Structures are given as structure tokens and as C-alpha cells.
Amino acid sequence: GAPRRGDRTTGAGIISQLAGGRASGWKGEHPPLIAARGHGGAMEVLKHYKLSLTHGSSLKIMQLTDMHTWWPLDGSPIEWTCGAGNTVSLNTPSSPYSTHAEPELIQKIIARVKPDLVILTGDIIDARAYPSDSPPCCWKPCFRAVIAPLVAAGIPWTYCQGNHDHEDSCPYPRDSLLDIFSGEFPLCVSEGATSFNHTLTVGPGDAPSGGDSLRLWIFDTGGNNPDPAIMFDTVSDEAIASFERLSRGDSALDTSGVACGLAFHHIPMAEMAYLPPLVGHEGLFGAALHSGKAPWWVAPLAPLVRLLGLHRVVGASKRPSGLFAALEAAPGVAAAFCGHDHYNDFVVRRGDLF
């Protein structure tokens, strides 16, 4: 597949988290989100989507994330230089990386897993690859190639935004990615959504009944923030406020027939850090050491860092969003799933939330 291009998390971001110990987050006034970045908006309620289950009464969801599918798809040799100055060759005989391996990999995975639903949790395409003179629809062939194996297998899917699906320098506006929900791409369970923040139920019937359905909460965590003290945007205050109204209180959505709620977003929450994994491994700190992106003095202290559990870092925004507290307080929300951290692959639990 595409190369594992680490986000800015792997360098100064990790060190700033370590320097701050377990108290991660913004130090000072609550910094405003940049409205022009297009990730605000209230949570939109969509209609129920009927699924065909292949595992009896069980509903199996597969998460795909951070594939960074590149242009061009024809296999032409290209080179890409990241912000750190490292150059990666793609589609050359000496390079293990290519721009067209993702669909083949997806096809193999779905044949093994046989999911009933797939959630794409951001950075599915990579906006950094598109020349500035590309047409505004240039991202669509890449996205269509990613979902082609799902469509061929008849597997419904949906998507939440990542921080590299759009870049400020890319030739298409961020809101053009809402075309993903327009009906142009088959089998999207979020068809009709006009916001990246939305919710819907999925299950085997025409409507939730007898706990046979799940409620999906899809959150938009925004993009890269130009302020290095914040690093990444996060879920907007408006989206969290509307989630709170819809998940509890007098305005809450009907929960009868729903077994539980699941949240999906791209950028991790700060509360996911510094916890021992129940399953999987936390590799972001080790990746920073291995790549030489950590300051020289970190390596000698690595054993102590690991002993204290401070190596369990995540690439969260430094702006506290309140998303974790809102999810934990919402009745029936069982888990939150994210992407973004290429070297982290784990399950943790904080309070009642996985």
C-alpha cells in the first residue's frame, strides 16, 4: 500500500505530550476553531439504513483508515517529499510502495472478514498528491477506486473526514467531499448527508426493533491547524452541543430497538493516551525514536518513559474539545473508533467507554 507517512504527531507533538506529562491539552485560553476550515456544523440526523447480515443475528463492522491513496492511479513513477524533507519513491522497481495496491488489499481483507458494514475513518485519499492545476473533481477517481471492492461485494459503507483528505493547498474545496454522500458513490449508508457530522441507525429491519440495531455517530475532527501549539483541529463545539441534545435529555433520539451507540472520528481524543492496551500495541513513541524525529535527549530516557507509561501517546489536538466527556455521559454509547496514528493499533478503556 501507500507509504506510512507519519503525521506531525511523530515529532514535536510526542515530545510536547511527554513534557506535559499526563496533563495533555491546551495551556491557556480556549482557542477558537477556524470556521473557514469547514468542519463546524450541528449533528445531522439521517434515516435508518437496512443491512443484510451475513453472520446470523450478529452485525460485523470493519474499520478502514489512513490508506492515503495517491494520484495517479495508473502506476506512473512519482516521488513525494514530505514536510520533514524525506523523499519517497512510488511505483519504481526499487520501491516497496505503490499507488494502486490499496484496492487489492481491501479485496483480500473483506474476503477474510466478511463485514456487514465498513467505516472509513479518514485519510482515505491524500490531498498532498494533487497538482495545483488539477480539476476540482480530481479526488473522485481515487475515492471510487477505494470503495470499488466494497461495492463489488455489495458491502455498505460510510466515511468521516481525515486531516489529509483535504489540504489548504489542494485544488478542491473541503466541502466538495460532501459529494461522497450525494448518491454518486453506491452503497453509502450516509447518503443524503449535508454535514460531515451526522448520525443514523443501521440494522437488519426497516427500523430499529428489539435491540437489533446500532446507532452510528460520525464526527468531523477537522484538519491540520496552522498553530503548532494546537497541531490539529478537533470536533466543533456546535457538533458536541448537538450530540448532547440528541443523545440525552428531553430532545434525545428514541433509543428503543438500539443495542448501543458507536462513535467514529479521525483524530484521537487526548483521553485515549496513557492507558494500558487491552488488545494491540502502542507504537507511536517507538516510531518517533526509530525515525530520529525525537530530540537527542529522549532516547537515553526511553526506558524511564516506558516505565512511567508516558510512551502511550496519541496524536490528539492540543485543543480540548469535550468530546470524551460528552460520549461518556451519553446513555448507551459503548465505544469510539479513530484513525490518524499510523503506528498505534490498540483498544483501551477509560471509564465506561472503549
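Residues numbered from 1 in each chain as written. Predicted model: local features only at pLDDT ≥ 70, side-chain atom pairs only at ≥ 80, totals over all residues. Heavy atoms only, no water.

Student: Is there a simple way to think about the pattern of salt bridges in this case?
Tutor: One side chain can pair with another of opposite charge once the charged atoms of both are near each other. Evaluation of the coordinates by the stated rule reveals 10 salt bridges. E282 is the salt-bridge partner of R312, the closest N and O atoms lying 3.4 Å from each other. Within this pair, whereas R312 is found in the loop between α6 (298-307) and α7 (323-329), its partner E282 is found in strand β11 (residues 279-282), the two being separated by 30 residues in sequence. For E282, a relative accessible area of 13% puts it in the buried group. Shared partners join several salt bridges into a network, and the residues in it are K140, R144, D179 and E184. (Salt bridge = Lys/Arg side-chain N within 4 Å of Asp/Glu carboxyl O. Helix = DSSP H or I, 4+ residues; strand = E, 2+ residues; numbered from the N terminus. Buried < 20%, exposed > 50% of the residue type's maximum accessible area, 1.4 Å probe, protein only.)

Student: Even after reading the chapter, I still don't get the packing of aromatic side chains, so can you show me in this structure?
Tutor: What describes a pair of aromatic rings is the distance from one ring centre to the other and the angle between the planes of the rings. Enumeration according to the criterion identifies 12 aromatic pairs in this entry. Taken together, a centroid distance of 6.4 Å and an interplanar angle of 50° make the contact between W139 and Y172 tilted. Placement of W139 in the loop between β6 (117-120) and α3 (140-153) and of Y172 in the loop between β7 (157-159) and β8 (198-203) is noted, with a sequence separation of 33 residues between them. Neither W139 nor Y172 differs from the other in exposure class; each is buried. In textbook terms, an aromatic cluster arises when at least three aromatic residues are bridged by ring pairs, as seen for Y130, W139, F143, W157, Y159, Y172, F181, F185 and F196. Over the aromatic face of W217 sits the side chain of R215, whose NZ or CZ is 5.7 Å from the ring centroid. (Phe/Tyr/Trp six-rings, centres within 6.5 Å; stacked < 30°, edge-to-face > 60°. Lys NZ or Arg CZ within 6 Å of the ring centre and 35° of its normal.)

Student: Please explain the pairing of strand β5 (residues 87-90) as it appears in this structure.
Tutor: Working note: regular strand, side chains alternate between the two faces of the sheet. Here β5 shows a clear split, with V88 and L90 buried on one side and none of T87 and S89 buried on the other. Bridge analysis of strand β4 (residues 78-81) against β5 gives four bridges, and the strand direction is antiparallel. Counterpart to W80 in the pairing with β5 is V88. (Pairing = 2+ DSSP bridges.)

Student: Hey, could you run me through the layout of surface pockets in this one?
Tutor: The gaps left among the atoms become clear once a water-sized probe is rolled over them. Considering only enclosed or pocket space, the largest pocket measures out at about 1,300 Å³ in volume. Only β3 (61-64), α2 (102-113), β10 (258-264), β11, β12 (333-337) and β13 (344-347) provide two or more residues apiece to the lining of the largest pocket. In the lining of the largest pocket, the residues fall into 28 nonpolar, 10 polar and eight charged. (1 Å grid on protein atoms, 1.4 Å probe; cavity = no way out; pocket = protein on both sides within 12 Å on 5 of 7 lines; lining within 4 Å. Points joined across faces, edges and corners; volume = space filled by probe spheres on them. Nonpolar A, V, L, I, M, F, W, Y, C, P; charged D, E, K, R; others polar.)

Student: Would you take a moment to explain helix α5 (residues 284-291) for this structure?
Tutor: Residue pairs spaced three or four apart in an α-helix point in one direction, given the helix's 3.6 residues per turn. Looking only at α5, the buried set comprises L284, F285, A287 and A288. Each buried residue of α5 lies within a common arc of 160° when the element is viewed along its axis, so the set occupies one face. Within two residues after α5, G292 carries a phi angle of roughly 80°, on the positive side. (Arc of directions from axis to C-beta.)

Student: How should I be thinking about the environment of P149 in this particular structure?
Tutor: The residue P149 is located in helix α3 in this model. Setting aside residues up to four positions removed in sequence, P149 forms contacts with P103, I106, Q107 and I110. (Contact = heavy atoms within 4.5 Å.)

Student: Looking at this structure, how should I read the nonpolar core?
Tutor: Grouped burial of nonpolar side chains is what soluble globular proteins tend to show. Within the largest apolar cluster, 46 residues are counted, with the highest numbers of intra-cluster contacts made by L120, W139, F143, W157, Y159 and Y172. At the level of secondary structure, the elements contributing two or more residues to this core comprise β3, α2, β6, α3, β7, β8, β9 (213-218) and β10. At five residues, the largest contribution of residues to this core is made by α3. Among the nonpolar cores identified, the runner-up in size contains 31 residues, and I240, A294, V298 and A326 belong to it. (Core = buried A, V, L, I, M, F, W, Y, C linked by side-chain atoms within 4.5 Å.)

Student: Would you explain the confidence of the model for the chain in this entry?
Tutor: Reading fine detail from the predicted coordinates is not recommended where pLDDT is low. Here the chain averages 86 in pLDDT, while 87% of its residues score no lower than 70. The low-confidence segment residues 1-12 (pLDDT under 50) makes 45 contacts with residues lying over four places distant or belonging to another chain. In this model residues 19-38 is a low-confidence stretch, pLDDT under 50, and it forms 42 contacts with partners more than four residues away in sequence or in other chains. (pLDDT = per-residue confidence, 0-100.)

Student: When you look at the packing of α5 against α6 in this model, what are you seeing that I'm missing?
Tutor: How two helices sit against one another is set out by the angle between their axes and by the gap between those axes. Contact geometry of α5 with α6 gives a least axis separation of 11 Å together with a crossing angle of 165°. It follows that α5 is roughly antiparallel to α6 by the angle criterion. α6 is crossed by α5, and the crossing has left-handed handedness. Contacts from F285, G286 and L289 in α5 reach V298, A299, A302, V305 and R306 in α6. (Axes fitted to C-alpha atoms, helices over the stretch in contact; angles between N-to-C directions. Parallel < 35°, antiparallel > 145°, perpendicular 65-115°, else oblique. Left-handed = near helix turned anticlockwise from the far one by under 90°.)

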